[in-house]
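Here is how the chains run, residue by residue.
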Amino acid sequence: MTEETGRARDAHDRWVARDAARVWHGFTQMSVYADNEPVIVDRAEGHEVIDVDGNRYLDAISSLWVTTLGHHVPELDAALAEQAARVAHTTLLGNGNTATIELAEALAPRLPVPDPHLLFASDGAASVEQALRIAFQHWHNRGVGGRTRYLALGGAYHGDTIGALSLGAGGFGTSMLDPLRFPVVRAPGYDDPDWAIGALDLLERHHGTLAAVVLEPLVQGAAGMHVADPDDVRRVVDAAQDLGLLVIADEVAVGFGRTGTLFASEQCGIAPDLCCVGKGITGGYLPLSATAVAPHVYESFLGPDLSEHTLYHGHSYSGNALACAVARRHLELIDEWDVLANVNARAAELGELLDRRIAKLDAVGAVRRRGLMTGVELAPPADGLRWGRRVCAEAVRRGVLLRPLGDVVVLMPLLTSTPEEIERIVATLVEAIERVAGSAA
Ligand SMILES: *Cc1c(COP(=O)(O)O)cnc(C)c1O
């Protein structure tokens, strides 16, 4: 046990040393990785992950926004084992797999894109790349010239591959990649209350050159949990579609119940032409993503065999059978367990607790939330104090796993959280903020 944290640390340092010696962690400065007390997970039970010394942490970030029902869920474990006993993976290039077909059939009527075809990949960024490419080639296939650009929003984040990064607004130290980015028409982001007016104006001026509009419906997650009025989202999407443009909804973060409906597009009342899903699709079990495509777009790719109309694009693990089997069982469980009702009940409690205990703290600048996606923006008295990092470290020491976006503490509780867990997350955050803000004073 260390005196400071009360946590057992016998195996920790050894595993961290082995880790740092060989594993390069994303979005992580490796020179200080070991000093930042990383949690080395050995296993998990329900809503807690357990480290190499047996310490338990409540997963309050849903393992970076992917885990939905919990870890080590017996029903999902069983779906995975059953599929493994049949076949783990076969290619979707020119051939099919029953697990993929069954998932596509189950998912299609639930997605915001009407009557979609699904192109599977493994990561959210890949699903966005696919959407960009499909939108671009759609106009080519239809013989329409000049529609070669995209409209994206300020604060946008769509993943880290070069195309997705081009749509993204930057930040996270990516400006040195600017020479690699393709230019986009950049509307304001959800942090600007007049973002929709700005977007509508740009649509009016540039629609003739645009292939598609890309947006995260309702919440811009990585921007720091900025929330849009659903009517504004609908106005912009309707205007784009009235102008004949394609709309790509990036539901990678907001999809699968996170905001209180299965997809955030439902709350906005939009029917996008393409939709990207990832993160929660397998409940956080396996890498899987999909691009859903409306019939009028899909059909522009039909033509003679080996013709130019074909989508010459695909990934080796597209439609992986293990991932699809888990995703299908996950979708069933969302219904069987009435998970969305739990999300809405816990979201109401979380909102009330944040209002009462967090929003009024001097150290807090703003609280933004939709469903169980929450950003608590800290208000440090000076730059460079790394409050976001330090507050989350204090929470981790108290057994609640958090990770910030800069000085925004992200709360992303599991969709099956209990009232007690929501209480614990907020109580721990209060303690962590008071510790950090108090020590700064
Ligand atoms: C996380 C995220 C992505 C990228 O997904 P990866 O699986 O990390 O590649 C894309 N769009 C949004 C909105 C996201 O939050």
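Residues numbered from 1 in each chain as written. Predicted model: local features only at pLDDT ≥ 70, side-chain atom pairs only at ≥ 80, totals over all residues. Heavy atoms only, no water.

Q: What am I meant to see in the overall build of the protein chain here?
A: Broken down by element type, the protein chain carries 14 helices and 17 strands. Whereas a compact globule of 441 residues would reach a radius of gyration of roughly 22 Å, the protein chain reaches 22 Å, a difference of no more than 12%. For the protein chain, the spread of C-alpha atoms along the principal axes amounts to about 70 × 55 × 45 Å. For the protein chain, buried positions account for 51% of its 441 residues. Only carbon and sulfur atoms are counted for the fraction: they give 53% of the accessible area of the protein chain, which is about 19,200 Å². (Helix = DSSP H or I, 4+ residues; strand = E, 2+ residues; numbered from the N terminus. Rg over C-alpha atoms; globule rule 2.2 N^0.38 Å. Buried < 20%, exposed > 50% of the residue type's maximum accessible area, 1.4 Å probe, protein only. Areas by Shrake-Rupley, 256 points an atom, 1.4 Å probe, with all protein chains shown as cover.)

Q: Looking at this model, I keep getting lost on the domain arrangement of the protein chain. Mind explaining?
A: When cut into domains, the protein chain gives domain 1 (12–69 + 338–440) and domain 2 (74–336). Each of domain 1 and domain 2 has a C-alpha centre, and these two points are 27 Å apart. When the area that domain 1 buries against domain 2 is broken down by residue, the three leading residues are Trp65, Arg370 and Met373, summing to 29%. The interface formed by domain 1 and domain 2 holds 14 residue pairs in polar contact (both at pLDDT 80 or more) in total. (Domains from an automatic or database assignment. Buried area = accessible area lost by both parts, 1.4 Å probe. Polar contact = N/O pair within 3.5 Å; in protein donor to acceptor, adjacent residues only side chain to side chain.)

Q: Could you clarify how one ought to interpret helix α1 (residues 12–22) in this entry?
A: Along an α-helix, residues three or four apart share an orientation, since each turn contains 3.6 residues. Within the sequence span of α1, burial applies to His12, Val16 and Asp19. One face of α1 carries all of its buried residues, which in axial projection span an arc of 65 degrees. Looking at α1, the residues exposed on the side facing more than 90 degrees away from the buried face are Arg14, Arg18, Ala21 and Arg22. (Arc of directions from axis to C-beta.)

Q: Help me understand the sheet that holds strand β12 (residues 289–293), please; the structure alone is not making it clear to me.
A: Here we have 7 strands laid out as an open sheet, ordered β4-β12-β11-β10-β7-β5-β6, and mixed in their pairing. At either end of the open sheet lies a strand with only one pairing partner, and these are β4 (117–121) and β6 (185–187). Strand after strand, the sheet turns through a mean of 20 degrees between neighbouring axes, direction not considered. Across 3 bridges, strand β10 (residues 246–250) lies against strand β11 (residues 274–277) in parallel orientation. Along β11, the bridge assignment pairs Ala249 with Cys275. The sheet strands contacting helix α8 (residues 230–242) are β7 (210–215) and β10, and the helix crosses β7 at an angle near 165 degrees. (Pairing = 2+ DSSP bridges. Axes fitted to C-alpha atoms, helices over the stretch in contact; angles between N-to-C directions. Contact = heavy atoms within 4.5 Å.)

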